[in-house]
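Here is what each chain is made of, one letter per residue.
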Amino acid sequence: MHWFMNKTSIIAICLLLATIASWLTFEEFHGHTIASVTIVLISTVKVKAIMNAFMEVDHLNGPWKYMLNGWLAVVCLSMIFAEVI
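Definitions and limits used
Along each chain, numbering runs from 1 in the same order as the chain's sequence is written. Given that the model is predicted, a residue must reach a pLDDT of at least 70 before its local features are reported, and side-chain atom pairs must reach 80 or more before they are shown or counted; all residues, however, enter totals for whole chains, interfaces and linings. Excluded from the side-chain calculations are hydrogens and water; all other atoms, namely the structure's heavy atoms, are used. Per the convention used, a helix needs a DSSP run of H or I reaching at least four residues, while a strand needs a run of E reaching at least two, with both numbered from the N terminus. It is over C-alpha atoms that the radius of gyration is taken, and the globule rule equals 2.2 Å times the number of residues to the power 0.38. The contact criterion used is simple: two residues touch if any of their non-hydrogen atoms lie within 4.5 Å. Using a 1.4 Å probe, accessible areas were evaluated by the Shrake-Rupley method; residue-level cover was limited to the displayed protein chains. By definition, no residue in a patch forms a salt bridge, and every one has over 30% relative accessible area; like charges are joined within 9 Å, nonpolar side chains (Val, Leu, Ile, Met, Phe, Trp, Tyr) within 5 Å. A side-chain nitrogen of Lys or Arg and a carboxyl oxygen of Asp or Glu constitute a salt bridge if their distance falls within 4 Å. Here's how the labels work: a residue is buried when its accessible area is under 20% of the maximum for its type, exposed when over 50%, partly exposed in between, all with a 1.4 Å probe on protein chains only. Orientation is described by lines fitted to C-alpha atoms, with helices fitted over the stretch in contact, and by angles between N-to-C directions that extend from 0 to 180 degrees. Relative orientations are named as follows: roughly parallel for angles under 35 degrees, roughly antiparallel for angles over 145 degrees, roughly perpendicular for angles from 65 to 115 degrees, and oblique for any other angle. Each crossing gets its handedness from the near helix: less than a right angle anticlockwise from the far helix is left-handed, clockwise is right-handed. Ten residue types, Ala, Val, Leu, Ile, Met, Phe, Trp, Tyr, Cys and Pro, are classed as nonpolar, four, Asp, Glu, Lys and Arg, as charged, and the remainder, Gly among them, as polar.

Focus on the overall build of the protein
Piece 1. Helix and strand content of the protein: 3 helices and 0 strands.
Piece 2. Secondary structure elements of the protein, listed N to C terminal, follow the sequence α-α-α.
Piece 3. What you see for the protein is a C-alpha radius of gyration of 15 Å, clearly larger than the 12 Å of a compact globule of 85 residues, by over 25%.
Piece 4. Counting only C-alpha atoms and orienting by the principal axes, one finds that the protein spans roughly 40 × 35 × 10 Å.
Piece 5. Considering only contacts within the protein whose residues lie at least 6 apart along the sequence, 57% involve residues at least 24 apart.
Piece 6. Roughly 6,300 Å² of accessible area belongs to the protein as shown, and the carbon and sulfur atoms make up 74% of that amount.

Here we look at the side chain of Ser-22
Piece 1. Following the sequence through the fold, Ser-22 ends up in helix H1 (residues 7–29).
Piece 2. Other than its neighbours up to four places away in sequence, Ser-22 contacts Ile-39 and Ile-42.

Overview of a nonpolar patch on the surface
Piece 1. A surface patch of nonpolar side chains, about 590 Å² in accessible area, is lined by Ile-13, Leu-16, Leu-17, Ile-20, Trp-23 and Leu-24.
Piece 2. For Ile-20, the position within the fold is in helix H1.
Piece 3. Owing to a relative accessible area of 40%, Ile-20 belongs among the partly exposed residues under this scheme.

A word on unusual backbone geometry
Piece 1. Positioned with a positive phi, Glu-56 is a non-glycine residue whose angle comes to about 55°.
Piece 2. Turning to its location among the elements, Glu-56 is positioned in the loop between helix H2 (33–53) and helix H3 (62–84).
Piece 3. Residue class for Glu-56 comes out partly exposed when judged on its relative accessible area of 47%.

What to know about the packing of H1 against H2
When two helices pack together, their arrangement is given by the angle between the helix axes and the distance between those axes.
Piece 1. In the contact formed by H1 and H2, the axes pass within 10 Å of each other and the chain directions differ by 165°. Judged on the interaxial angle alone, H2 and H1 are roughly antiparallel. Seen along the crossing, H1 lies across H2 with a hand that is left-handed. Across the interface between the two elements, Thr-8, Ile-11, Leu-15, Ala-18, Thr-19, Ala-21, Ser-22, Thr-25, Phe-26 and Phe-29 of H1 pack against Ala-35, Ile-39, Ile-42, Lys-46, Ala-49, Ile-50 and Ala-53 of H2.
Piece 2. Its residues assigned to classes, the contact of H1 with H2 comprises 12 nonpolar, 4 polar and 1 charged.

Below you can see the structure in the form of structure tokens.
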């Protein structure tokens, strides 16, 4: 049972639940701008979790970690601005 309750397994389960939440949001509110923005934000949180848990970005030195977080913020904001405009 220890292999099931480690940190990466819990994060993987949370990623699965976030994917289901994104899918349900799309199915229920597709075509609405707020739904698209919500899905982009959920996806950004998922990418951040993957970067920290599975790619071990949180263990990198400062400049690399800040560069990757900045990249993620730019991608997220550009997708939100593209949806709103």
